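Architecture and fold: a report
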Amino acid sequence: AIPETLIESELFGHEKGAFTGATSAKPGLFEVADGGTIFLDEIGHLSPALQGKLLRVLQERTIRRVGGTRNKTVNIRVLAATHVDLADAATRGEFRDDLYHRLNVVPIHLPPLRDRAGDVLLLARRFISTFAAEYGVTEPFLTPAGEAALRSHPWTGNIRELRNLIERAILLGGGAAIDPELLDLPPSAVTEPATTSPYSSLRHAVHEVVLTAVERSGGNKSEAARQLRISRTRLQRLLDADPDHPSSTDEEL
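This section reports on the structure supplied with the text. It should be emphasised that the depicted structure is a prediction, and the values quoted were computed from it without experimental measurement.

**Some details on helix α3 (residues 48-60)**
- The end-to-end C-alpha distance of α3, which contains 13 residues, comes to 19 Å, matching closely the 18 Å that a straight helix rising 1.5 Å per residue would cover.
- For α3, the full list of buried residues reads Leu50, Gln51, Leu54, Leu55, Val57 and Leu58. Looking straight down α3, one finds that the buried residues subtend no more than 160° of arc, so they occupy a single side.
- Looking at the packing, one finds that the buried side of α3 touches α1 (4-12), α2 (29-32), β3 (37-40), β4 (62-63), β6 (77-80) and α5 (97-103).

Here it is in structure tokens:
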């Protein structure tokens, strides 16, 4: 979000008179972060010139202010994030290969929400509780059709999209049950749960009860199993079972 012409000054600082408008010296963010952590978001969009300067900081642990003549040692931990495939960008020459390998010490892959379908309803319920309390309305419930719409949506905007969608539903609904119409999702995203066996509705009901118990237990599955008066092993089997498709789990219902 920082203009290209100011990024170097913001990151490394500048001395008085280094450029027009520099009426006083200013430390950069790397100096401010000395002894702590600096988070660099969207690192894949950094210009080639600044990529080289960042590489020097990471290798030498020193920075030099714009217009300065002295190096300053900094002790920092650097976290970088990007939605760009840096390995691929480095292969295409769009990102420095040496900087990529310098940053790629402990890679952490965060899968998109569409790859974590089991989290969608848990997050949605959390946001419902949060926004209902914030706006002073009765906490609404998700209708089965509303749940199906949330599960089938692709979530290209990830959790931010889900959060904003639930907030809008709370504001517009004022405590009314949240269904596909209130969610205002594209029609193609609204699908009813599959009914591949006579036990489909029962499987969904059991699955929702188990999910709710785990959520209320703060993710503690042993406590959830105790509340449901079943073994932890059976609870895990019920969690792992696909409620849309018949399985041996039906025999336990």
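**Re the pairing of β3**
- Because side chains alternate across β3, one face comprises the buried residues Ile38 and Leu40, and the other comprises Thr37 and Phe39, none of which is buried.
- In the sheet, β3 pairs with β6 via four bridges, with the strands oriented parallel. Note that in β6 the partner of Ile38 across the bridge is Val78.

**What about unusual backbone geometry?**
- Non-glycine residue Arg61 carries a positive phi angle of around 55°.
- Positioned with a positive phi, Asn158 is a non-glycine residue whose angle comes to about 55°.
- Following the sequence through the fold, Asn158 ends up in helix α8 (residues 158-173).

**Observations concerning the packing of helix α11 (residues 221-228) against helix α12 (residues 232-240)**
- The N-to-C vectors of α11 and α12 enclose an angle of 100°; their axes lie 9 Å apart at closest approach. Viewed along their axes, α11 and α12 adopt a mutual orientation that is roughly perpendicular. Residues Lys221, Ser222, Ala224, Ala225 and Leu228 of α11 lie in contact with α12, whose contacting residues are Arg232, Leu235, Gln236 and Leu239.

**Digging into the side chain of Thr143**
- Among the secondary structure elements, Thr143 is positioned in the loop between α6 (117-135) and α7 (144-152).
- Accessibility expressed as a relative area gives 16% for Thr143, which makes it buried.
- Residues in contact with Thr143, not counting those within four places in the same chain, are Ala177, Ile178, Asp179 and Pro180.

**Quick look at the pattern of salt bridges**
- The full count for this structure, using the stated rule, is eleven salt bridges.
- The partner of Glu31 in a salt bridge is Arg65, and the shortest N-O contact between them spans 2.8 Å. Linking Glu31 in helix α2 with Arg65 in the loop between β4 and β5 (72-73), this pair joins segments that are 34 residues apart in sequence.
- Taken together, the salt bridges that share partners define one network made up of Glu15, Glu31 and Arg65.

**Re the nonpolar core**
- Of all hydrophobic cores here, the largest spans 22 residues; its most connected members are Phe12, Phe30, Leu40, Ile43, Leu54 and Phe95.
- Elements represented by at least two residues in this core include exactly α1, β3, α3, α4 (86-91) and α5.
- Sort the elements by how many residues they give to this core and α3 lands first, with five residues.
- Those residues in contact with Phe95 that sit more than four places away from it in its chain are Ile43, Gly44, Gln51, Leu86, Ala89, Ala90, Tyr100 and Leu103.
- Leu142, Leu165, Ile166 and Ile170 belong to the second largest nonpolar core, which has 20 residues in total.

**What to know about the packing of α6 against α7**
- Relative to each other, α6 and α7 sit at 120°, their axes nearing to 9 Å. Accordingly, the angle class assigned to the pair α6 and α7 is oblique. Every pair of crossing elements has a handedness; the one defined by α6 and α7 is right-handed. Contacts between α6 and α7 involve Val120, Leu121, Ala124 and Arg125 from the former and Glu147, Leu150 and Arg151 from the latter.
- Along the lines of polarity and charge, the residues of the contact of α6 with α7 split into four nonpolar, no polar and three charged.

What counts, and where the lines are drawn
- Once a new chain begins, its residue numbering starts again from 1 and follows that chain's sequence as written.
- It should be noted that, the model being predicted, local features are given only for residues of pLDDT at least 70 and side-chain atom pairs only at 80 or more, the latter also being counted only at that level, while totals for whole chains, interfaces and linings use all residues.
- Excluding hydrogens and water, the side-chain figures rest on all heavy atoms present in the structure.
- Strands are runs of DSSP state E lasting at least 2 residues, helices are runs of H or I lasting at least 4, and numbering of each runs from the N terminus.
- How far a helix is expected to stretch is found by multiplying one less than its residue total by 1.5 Å.
- We call a residue buried when its accessible area falls under 20% of the maximum for its residue type, exposed when it is over 50%, and partly exposed in between, using a 1.4 Å probe and counting protein chains only.
- Note that the arc is defined by the directions from the helix axis to the C-beta atoms.
- The criterion used for residue contact is that any of the two residues' heavy atoms lie within 4.5 Å.
- One requirement defines pairing of two strands: DSSP has to find at least two bridges between them.
- Axis definition: a line fitted to C-alpha atoms, over the contacting stretch in the case of helices. Angles run 0 to 180 degrees between N-to-C directions.
- For classification, angles of less than 35 degrees are called roughly parallel, those exceeding 145 degrees roughly antiparallel, those between 65 and 115 degrees roughly perpendicular, and all remaining angles oblique.
- Only one rule defines a salt bridge in this text: a Lys or Arg side-chain nitrogen within 4 Å of an Asp or Glu carboxyl oxygen.
- Take the buried residues of types Ala, Val, Leu, Ile, Met, Phe, Trp, Tyr and Cys, join any two whose side-chain atoms come within 4.5 Å, and each joined set is a nonpolar core.
- Put simply, a crossing is left-handed when the front helix is turned counterclockwise from the back one by less than a right angle, and right-handed when it is turned clockwise.
- For this scheme, ten residues count as nonpolar: Ala, Val, Leu, Ile, Met, Phe, Trp, Tyr, Cys and Pro. Four count as charged, namely Asp, Glu, Lys and Arg, and the remainder, Gly too, count as polar.

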